[in-house]
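# Summary of the model geometry
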Amino acid sequence: MSHPAGTRARVLLSSVFKPFAQDDEFGSRVINPVELYHNQVTRAQGPFSLRMFHRSWGIMFIQQNIAAPCTLLDFPTRQHFVRELTTGSYDIVGLSGIVVNAGKIREMCRLVRQHSPRSTIVVGGHVTAIAGIDRMIDADHIVRGEGVSWMREFLGEDPERPMVHPQIPSSFGFRLMGLPSPRGGGSPAATIVPSVGCPIGCNFCTTSAFFGGKGRFVNFYQRGSDLFRVMCEAERVQGVSSFFMMDENFLLYKARALELLDCMKTHGKSWALYVFSSANAIRKYDVRQLVELGIEWIWLGLESAGSGYAKLKGTDTLSLVQELQSHGICMHGSSIIGLEHHTPANIEAEIDHAVAHDTVFHQFMLYTPMPGTALHAQIAAEGRLLDDVDLADIHGQFKFNFRHQAISRDQSKVLLDRAFSLDYERNGPSLYRLMRLMQLRWRRYRADPDPRVRARVGVAAAQLRAGYGAALWAMERYLRNSNPGVSGRIRALRLETERDFGVWTSALNRTLGPVMLWASRREASRYPDGRRIEPRTFVVRTAPA
């Protein structure tokens, strides 16, 4: 069924309203801010936690790929959303949210009915995986899976038309050590989405389940040459040479990756790529291919060897991580607490094993049956889902939402917190680990025969030379009393960088370092649990195509 106005329909697309970092009746939680790193990765690292936000990619893709006039609101306030409804005369209002946003989606549907009753309401995103969502919210259409094709068809357009990739900065609102980034985004990079879904399909994975489950995915760009053109356009428009490849298992598609490498070589592109991959996919490449492709960061699932997941079969992850990081490739580990075989007797050893990887970043999540996943169906069939857990608290960073056979709900949070704390205590701030790998990368490849590789590692050298060491100076002194072992390792790295880059770098470190130390101590004193920050609002309007 198509909308009667077709491509003349006025469309409003919106993410859910802020604020997020507070406890309220709409499902916001202090413990679950809308920050990937501070929420799930560096949250125990005090003032050294990475603070940043990411845009809502799904609605950006839809806006970029429909001909109808469209307004996009990303992170509006509730009042801003109402104002847009009352002044915009919209035919279609599209809302996107995740499971914890169910209360906000319900409220936004109510607001549309109140302030723009003639609008057709379309709801998409992971919130649609909730069983009975059609009875919880007052929407006209609930769209599960990839939304661009659905919206095109609803507007009477060709759903098979080639996808136009929106321009997506990888992050915004970057803060570190109590200070905002002058450019707002840390190291500038563009987000590229080559495909959605994952053919491996782990039973707990919401993304895989959302796009069809195990073995199913949607490839927006089949060939490396197509991907290369998208990246060239992002380079031209955003002025970046680094790319966050938002693909659940980018390296799994080896033919596409190697074709992209050929294009990069032909055109002399010294790009840096940040990718997700499984261990078995990484093993299909030799390290030289990864280095030439510009792989600088890999997000790798490190679920326990006892979990039985196919993506880890036959892989010694400790050796794999050590080898890749010895080449300056930053590894971002991801481990799950509370797998079915975990018990109070073995969980500490499992956490120790995860921390022993000493990855640059490490995400810890609770084993969580999310609505729509195979795991959720299994746990429900076994009668182990907890009925009294609010949807707003099902996100893997609080407590179990099911009855584990050996670990209590309260214990689950203690163990999760323990994992974050142990990683920080043993391995130090991720910022230090990152700079350690940057220096190692430069040292190993600064005389590489490939000029593209030399140019890429030269970027890391320029950053270390021009003030990154000041953060080392501050971290070294901040941790001197509380964690002298880590402080000593940070000091050793700082001295190495100063020997490598000379007296100017040393002077800069000692000039800027005290400022960063003061800011870090002030941040920790004022906000011991982390400053509550909110993303800014984006408003993007397009005219009829």
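Above: the structure in question.
Residues numbered from 1 in each chain as written. Predicted model: local features only at pLDDT ≥ 70, side-chain atom pairs only at ≥ 80, totals over all residues. Heavy atoms only, no water.

### Side note on helix α9 (residues 254-266)
For α9, with 13 residues, the first-to-last C-alpha span of 18 Å sits near the 18 Å given by 1.5 Å per residue. All of the buried residues in α9 are Arg256, Ala257, Glu259, Leu260, Leu261, Cys263 and Met264. In this structure, the buried side of α9 is in contact with β10 (195-197), β11 (217-219), α8 (224-238), β13 (272-277), α11 (287-293) and α17 (451-478). Positive backbone phi, at 65°, marks Gly268, one or two positions downstream of α9. (Helix = DSSP H or I, 4+ residues; strand = E, 2+ residues; numbered from the N terminus. Expected span 1.5 Å × (residues − 1). Buried < 20%, exposed > 50% of the residue type's maximum accessible area, 1.4 Å probe, protein only. Contact = heavy atoms within 4.5 Å.)

### What about the pairing of strand β14 (residues 295-301)?
Among the 7 residues that make up β14, 7 are buried, leaving the element largely enclosed by the rest of the structure. For β14 and strand β15 (residues 330-337), the ladder comprises 5 bridges, and the chain directions are parallel. Its bridge partner lying in β15, Leu300 is registered against Gly333. (Pairing = 2+ DSSP bridges.)

### Quick look at the nonpolar core
Membership of the largest hydrophobic core comes to 107 residues, with the highest contact counts inside it found for Leu251, Leu273 and Met475. Of all the elements, α17 adds the most residues to this core, at 11 residues. In terms of nonpolar packing, the next biggest core, distinct from the first, is built from 33 residues, Leu12, Phe26, Cys109 and Ile137 among them. (Core = buried A, V, L, I, M, F, W, Y, C linked by side-chain atoms within 4.5 Å.)

### Some details on the environment of His80
Of note, His80 is situated in helix α3 (residues 78-88). A C-alpha to C-alpha distance of 38 Å links His80 and Ile298, two positions 218 residues apart in sequence. Excluding residues that lie within four positions of it along the chain, His80 makes contacts with Leu73, Thr537 and Val539.

### Notes on the packing of aromatic side chains
Tallied over the entire structure, the rule returns 22 aromatic pairs. With 4.8 Å between their ring centres and 80° between their planes, Phe172 and Phe538 make a pair best called edge-to-face. Of this pair, Phe172 sits in strand β7 (residues 172-176) while Phe538 sits in strand β17 (residues 538-542), and the two are 366 residues apart along the sequence. Through pairs of rings, three or more aromatic residues link up here, namely Trp57, Phe244, Tyr274, Phe276, Trp297 and Trp299. We note Lys104 situated over the ring of Phe20; from NZ or CZ to the ring centre the distance is 4.1 Å. Seen from the ring of Tyr285, Lys254 lies directly overhead, with NZ or CZ sitting 5.4 Å from the centre. (Phe/Tyr/Trp six-rings, centres within 6.5 Å; stacked < 30°, edge-to-face > 60°. Lys NZ or Arg CZ within 6 Å of the ring centre and 35° of its normal.)

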